[in-house]
Amino acid sequence: MEADQFSKREFWRSFAPGLHIEDRSLFEDVAYVELSPAEHEGLTAQFRHEGYLQGSADWGLDAKLMAETVRSLSAASLSPLFAFLYDEFWYPFFKLHPLYAALLGGKYCLLPNFWIWNVDPALFEDGTPKSLTTWIPFSPATPLNGCMYVVPAQHDPTYAKADEAAMKFEPQSIRALPGNPGDFFMWNQALYHWGSKTSPWATESRVSISLELQRADVPPFNAPLMDPLHMLSFEARLHLIAKQMIRYQHMYQLDPKVAQMAAELLAQSAPPPPLSAAVGSTARPVERPDAPSGLGTAGRNEPCPCGSGQKYKHCHGRIA
């Protein structure tokens, strides 16, 4: 398959005719997730105390179709990341806007850190997160097909401490997070979390997506920062997808031909527009030091400050 075919909307529309690309009507009247005062208080308290939260929402989307699209990409030897070309895979993050605003100090930005799986991204002194990850399943996530596991903050002796890479928690503290389509999970970057291995007794693959966001009043963890309520163009999505494929090929091996096509797409496609002033961001890209001694106190799951694009624990965290 040629790189120019990847850059054509017609190809992707024919690949998943039931999904949409740059259909502005989907985002014109977003019905945000509504939370009662009690629900709002409970979720924010859980996030601060345990480092994560779990909720449910009616996305108003065909989760089965979305999961099948991701599986079709895998079957065609294409990265599941290409699903982010479709509007539907961005829509849940729009609906969660009020909750993001509450957790991230009112004004926040979208980070170019996202992933999709088809399994056969620091804190203030008061515990308020500087950034958070949202993880959403589009098929049942169970212990047999690789659901997420966490160690709640209050049970992790090294949570948000200098020696946080040390696993000093008791095995009994590990908590499984099974979920279903309509559920969503959020955690901060200090929380110990991982996806589990699958079992041959699983009845279906686990399809899920994730995306990272950060406060608007802290230096960017990655660039470019993006307006969370701006619908990205097809070209901008293609650019970000190619960038993610190349950035994480050390973790998710790419066929050399696919890697070459991703590099060509990155060169041909347009990056996202500059951060909109409507977000109210004062954040600006900062120069990242390369030496381990200058890395500061990056959390193990935060992007490495050296600018490699890898998480700290996979990069200079191994050296420090």
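Chemist: How would you explain the overall build of the protein chain if you had to name every residue and give the values?
Modeler: Secondary structure assignment for the protein chain yields nine helices and eight strands. Looking at the protein chain residue by residue over its 320 residues, the buried ones come to 52%. Total accessible area on the protein chain stands at roughly 14600 Å², and carbon and sulfur atoms take up 53% of it.

Chemist: Go over the nonpolar core with me, naming the residues and quoting the values.
Modeler: In terms of nonpolar packing, the biggest core is built from 68 residues, with Trp12, Phe82, Phe84, Phe89, Phe138, Phe184 and Met186 touching the most fellow members. Sorting elements by how many residues they give to this core places helix α8 (residues 234-247) first, with seven residues. Trp12 has contacts with Gln5, Phe6, Ile21, Leu73, Leu78, Phe82, Leu85, Tyr86 and Phe234, leaving out every residue within four places of it along the chain. Tyr52, Ala141, Met148 and Leu177 belong to the second-largest nonpolar core, a separate cluster that totals eleven residues.

Chemist: Talk me through the pattern of salt bridges; I want residue IDs and the actual numbers.
Modeler: Inspection of every chain in the model, using the stated rule, returns seven salt bridges. Taking the shortest distance from any N to any O, the salt bridge between Glu204 and Arg71 comes out at 3.2 Å. Here Arg71 falls in the buried class, since its relative accessible area comes to 17%. Note that Arg237 and Asp87 form a salt bridge whose closest N and O atoms lie 2.7 Å from each other.

Chemist: Can you break down unusual backbone geometry residue by residue, with the values?
Modeler: The phi angle at Glu22 is positive, at roughly 55°, despite the residue not being glycine. Mapped onto the fold, Glu22 is located in the loop between α2 (9-15) and α3 (25-28).

Chemist: Go over the pairing of strand β8 (residues 206-215), please, and point to the residues and values.
Modeler: By the criterion of burial, β8 is predominantly enclosed, with ten of the ten residues buried. Direction of pairing for strand β3 (residues 131-137) relative to β8: antiparallel, over a ladder of seven bridges. In the sheet register, Ser131 faces β8, and the bridge partner there is Gln214.

Chemist: Which residues make up the confidence of the model for the protein chain, and what are the values?
Modeler: Fine structural detail should not be taken from predicted coordinates in areas where pLDDT scores are low. On average, residues of the protein chain score 82 in pLDDT, and 83% of them are at 70 or above. Within the model, pLDDT remains below 50 along residues 277-297, and this stretch shows 40 contacts once partners closer than five positions in the same chain are excluded. Counted against residues more than four places away or in other chains, residues 305-309, with its pLDDT under 50, gives 15 contacts.

Chemist: Now, about the sheet that holds strand β1 (residues 52-56): what can you tell me, with residues and values included?
Modeler: Judged by pairing direction, the sheet is antiparallel, and its five strands sit side by side in the order β1-β6-β3-β8-β2 without closing on themselves. Each having just a single partner strand, β1 and β2 (108-119) make up the two edges of the open sheet. Across the sheet, the axes of successive neighbouring strands diverge by a mean angle of 20°, strand direction being ignored. In the sheet, β3 pairs with strand β6 (residues 183-188) via four bridges, with the strands oriented antiparallel.

Chemist: Tell me about α8, and please be specific about residues and values.
Modeler: Here α8 spans 20 Å end to end across 14 residues, near enough to the 20 Å set by a 1.5 Å rise per residue. Among the 14 residues of α8, eleven are classified as buried, and the element is accordingly described as predominantly covered. Residues of α8 that are buried include every one of Phe234, Ala236, Arg237, Leu238, His239, Leu240, Ile241, Ala242, Gln244, Met245 and Arg247, and no others.

Chemist: Please set out the pairing of β2 residue by residue, giving values where relevant.
Modeler: Taken across its twelve residues, β2 has ten buried, putting it largely inside the fold. Sheet topology note: the β2/β8 ladder contains nine bridges and is antiparallel. Within the sheet, the bridge partner assigned to Cys109 lies in β8 and is Gln214.

Chemist: Run through the packing of α8 against helix α9 (residues 256-268), naming residues and quoting values.
Modeler: Orientation of α8 relative to α9, taken along the N-to-C sense of each, is 140°, at an axis distance of 8 Å. By the angle between their directions, the pair α8 and α9 is classed as oblique. Two packed elements cross with a definite hand, and for α8 against α9 that hand is left-handed. The residues of α9 that touch α8, namely those facing Leu238, His239, Ala242, Lys243, Met245 and Ile246, are Val258, Ala262, Ala263, Leu265 and Leu266. By residue class, the composition of the contact of α8 with α9 is nine nonpolar, one polar and one charged.

Chemist: Describe the sheet that holds strand β4 (residues 148-151), naming the residues involved and giving the relevant values.
Modeler: Strand pairing in a sheet relies on backbone hydrogen bonds. The paired strands run either parallel or antiparallel. Strands sit in the order β5-β4-β7 across an open sheet of three strands; the sheet is antiparallel. If you trace the sheet from one side to the other, it starts and ends with β5 (175-177) and β7 (192-195), each paired once. The average undirected angle you get between the axes of adjacent strands in this sheet is 25°.

Chemist: I'd like a description of the packing of aromatic side chains, backed by residues and values.
Modeler: Taken as a whole and judged by the stated rule, the model has 20 aromatic pairs. Between Phe84 and Phe114, the ring centres sit 4.7 Å apart and the planes meet at 65°, which makes this aromatic pair edge-to-face. Of this pair, Phe84 sits in the loop between α5 (63-75) and α6 (91-95) while Phe114 sits in strand β2, and the two are 30 residues apart along the sequence. Among the residues examined, Phe84 registers a relative accessible area of 0% and is labelled buried. With centroids separated by 5.6 Å and ring planes inclined at 65°, the aromatic side chains of Trp135 and Phe185 adopt a geometry described as edge-to-face. Here Phe185 lies in strand β6 and Trp135 lies in strand β3, a separation of 50 residues in the sequence. You can call Phe185 buried: its relative accessible area is 1%.

About the thresholds
Residues numbered from 1 in each chain as written. Predicted model: local features only at pLDDT ≥ 70, side-chain atom pairs only at ≥ 80, totals over all residues. Heavy atoms only, no water. Helix = DSSP H or I, 4+ residues; strand = E, 2+ residues; numbered from the N terminus. Buried < 20%, exposed > 50% of the residue type's maximum accessible area, 1.4 Å probe, protein only. Areas by Shrake-Rupley, 256 points an atom, 1.4 Å probe, with all protein chains shown as cover. Core = buried A, V, L, I, M, F, W, Y, C linked by side-chain atoms within 4.5 Å. Contact = heavy atoms within 4.5 Å. Salt bridge = Lys/Arg side-chain N within 4 Å of Asp/Glu carboxyl O. Pairing = 2+ DSSP bridges. pLDDT = per-residue confidence, 0-100. Axes fitted to C-alpha atoms, helices over the stretch in contact; angles between N-to-C directions. Expected span 1.5 Å × (residues − 1). Parallel < 35°, antiparallel > 145°, perpendicular 65-115°, else oblique. Left-handed = near helix turned anticlockwise from the far one by under 90°. Nonpolar A, V, L, I, M, F, W, Y, C, P; charged D, E, K, R; others polar. Phe/Tyr/Trp six-rings, centres within 6.5 Å; stacked < 30°, edge-to-face > 60°.

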